[in-house]
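Secondary and tertiary structure notes
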Amino acid sequence: DVKVTQSSRYLVKRTGEKVFLECVQDMDHENMFWYRQDPGLGLRLIYFSYDVKMKEKGDIPEGYSVSREKKERFSLILESASTNQTSMYLCASSLWTGSAFFGQGTRLTVV
Amino acid sequence: DAKTTQPTSMDCAEGRAANLPCNHSTISGNEYVYWYRQIHSQGPQYIIHGLKNNETNEMASLIITEDRKSSTLILPHATLRDTAVYYCIVRDNYQGAQKLVFGQGTRLTINP
């Protein structure tokens, strides 16, 4: 089975901290995605990557950056966390075509 | 922006077929229709996908209209565990990358 693993299930950080959310997949997928999910707003795409060192902005990239130095790992970085970045963050991976597989999510609270 | 529209919520009785509609009127010729569902507090789970023919697997059936502008996901014998948010997505190409954009989805409630 494909496994997409997010490093933390729950995270609490202070305003202004630099936050790293890590995602690892074990199926050699080219594509990886970061979403955030908020009540009433559904899943919104932050960034995605289609190859090592390649990244593209999604619909809400402001306040975030990403890093993909290895094919299996895609990191989401909050340079200076703010309270409006409190959310559920979901990572996914897929081949060029075909279905995407999601991690269990990281619930981030910024205080 | 999402390229699909779905009803916000639906109810279905346990044991009956649940039919979830999706409109994707601007779908292009090479785009597939995908369905995912998300059970509370979990990541979305893939259900089924199709291009133009109807598809069936162990979880569901997918009916795509001939003009491909809409589709219906069918859960033939819904159970309480099928209560979830269901997302219909068309896969968007961008310079070879496959961007996945989700809409609001349909909150399906299965009633005993």
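Relevant structure appears above.
Residues numbered from 1 in each chain as written. Chains lettered and ligands numbered in written order. Predicted model: local features only at pLDDT ≥ 70, side-chain atom pairs only at ≥ 80, totals over all residues. Heavy atoms only, no water.

Within chain B one finds zero helices and eleven strands. A compact globule built from 112 residues should have a C-alpha radius of gyration of about 13 Å, and chain B, at 14 Å, falls within 12% of that. Principal-axis analysis of the C-alpha atoms places the extent of chain B at approximately 45 × 30 × 25 Å. Burial statistics for chain B: of 112 residues in total, 45% are counted as buried. Looking at chain B alone, contacts between residues at least 24 apart form 56% of all its contacts between residues at least 6 apart. Summed over its atoms, the accessible surface of chain B is roughly 5,800 Å², and 46% of this surface lies on carbon and sulfur atoms. Looking at chain B, you have 10 positive and 10 negative side-chain charges, and the mean spots of the two groups are 3 Å apart. (Helix = DSSP H or I, 4+ residues; strand = E, 2+ residues; numbered from the N terminus. Rg over C-alpha atoms; globule rule 2.2 N^0.38 Å. Buried < 20%, exposed > 50% of the residue type's maximum accessible area, 1.4 Å probe, protein only. Contact = heavy atoms within 4.5 Å. Areas by Shrake-Rupley, 256 points an atom, 1.4 Å probe, with all protein chains shown as cover. Lys, Arg positive; Asp, Glu negative; His and termini not counted. Charge placed at Lys NZ, Arg CZ, Asp CG, Glu CD.)

On the side of chain B, 22 residues touch chain A, which itself brings 25 residues to the contact. Both sides of the chain A and chain B interface together cover about 1,900 Å² of buried area, and 52% of this is carbon and sulfur. On the chain A side of the interface with chain B, the three residues burying the most area are Leu43, Trp96 and Phe102 of chain A, jointly 23% of the side's total. Taken together, the links from chain A to chain B amount to zero salt bridges. (Buried area = accessible area lost by both parts, 1.4 Å probe. Salt bridge = Lys/Arg side-chain N within 4 Å of Asp/Glu carboxyl O.)

Within the largest apolar cluster, 21 residues are counted, with the highest numbers of intra-cluster contacts made by Leu20, Trp35, Leu73, Leu75, Tyr86 and Leu108 of chain B. When contributions to this core are tallied by element, the ones reaching two or more residues are strand 2 (18–23), strand 3 (33–38), strand 4 (45–50), strand 6 (61–64), strand 7 (70–75), strand 8 (84–90) and strand 11 (106–111) of chain B. Among the elements that take part in this core, strand 8 of chain B stands out by supplying four residues, more than any other. Residues Trp34, Ile46, Leu78 and Leu108 of chain A belong to the second largest nonpolar core, which totals 20 residues. (Core = buried A, V, L, I, M, F, W, Y, C linked by side-chain atoms within 4.5 Å.)

Another aspect to go through is the packing of aromatic side chains. A complete count under the given rule lists 13 aromatic pairs over all chains for this structure. Their ring planes at 80° and their centres at 5.7 Å tell us that phenylalanine 102 of chain A and phenylalanine 102 of chain B sit as a pair that is edge-to-face. Separated into two different chains, phenylalanine 102 of chain A in strand 10 (residues 100–102) and phenylalanine 102 of chain B in the loop between strand 10 (97–99) and strand 11 make up a pair that spans both. For phenylalanine 102 of chain A, a relative accessible area of 10% gives the class buried. Grouping aromatic residues by their ring pairs yields a cluster made of Phe33, Tyr35, Phe48 and Phe102 of chain A together with Tyr32, Tyr34, Tyr36, Tyr46, Tyr87 and Phe102 of chain B. We note arginine 91 of chain B situated over the ring of tyrosine 34 of chain B; from NZ or CZ to the ring centre the distance is 5.9 Å. (Phe/Tyr/Trp six-rings, centres within 6.5 Å; stacked < 30°, edge-to-face > 60°. Lys NZ or Arg CZ within 6 Å of the ring centre and 35° of its normal.)

All names here are of chain B. Inspection of every chain in the model, using the stated rule, returns two disulfides over all chains. Bridging cysteine 22 to cysteine 88, the disulfide has an S-S length of 2.1 Å. With the S-S dihedral at roughly -80°, the linkage between cysteine 22 and cysteine 88 falls on the left-handed side. Pair noted here: cysteine 22 is in strand 2 and cysteine 88 is in strand 8, with a separation of 66 residues, a long-range link. (Disulfide = S-S within 2.5 Å.)

It is worth spelling out the pattern of salt bridges at this point. Taken as a whole, this structure holds eight salt bridges over all chains when the rule is applied. A salt bridge links lysine 53 of chain A to glutamate 69 of chain A, with the nearest nitrogen and oxygen atoms 2.4 Å apart. Of this pair, lysine 53 of chain A sits in the loop between strand 5 (42–51) and strand 6 (54–57) while glutamate 69 of chain A sits in strand 7 (residues 65–70), placing them 16 residues apart in sequence. Accessibility assignment for this pair places lysine 53 of chain A and glutamate 69 of chain A in one class, exposed. Arginine 37 of chain B is the partner of aspartate 82 of chain B in a salt bridge, and the nearest nitrogen-oxygen pair spans 2.8 Å. A residue pair is termed long-range when its members are at least 10 positions apart, and aspartate 82 of chain B in the loop between strand 7 and strand 8 and arginine 37 of chain B in strand 3 qualify at 45 residues. The same class applies to aspartate 82 of chain B as to arginine 37 of chain B, namely buried. One salt-bridge network, in which partners are shared between bridges, spans Arg36, Asp38 and Arg44 of chain A.

Read these as spatial facts, not as claims about activity.
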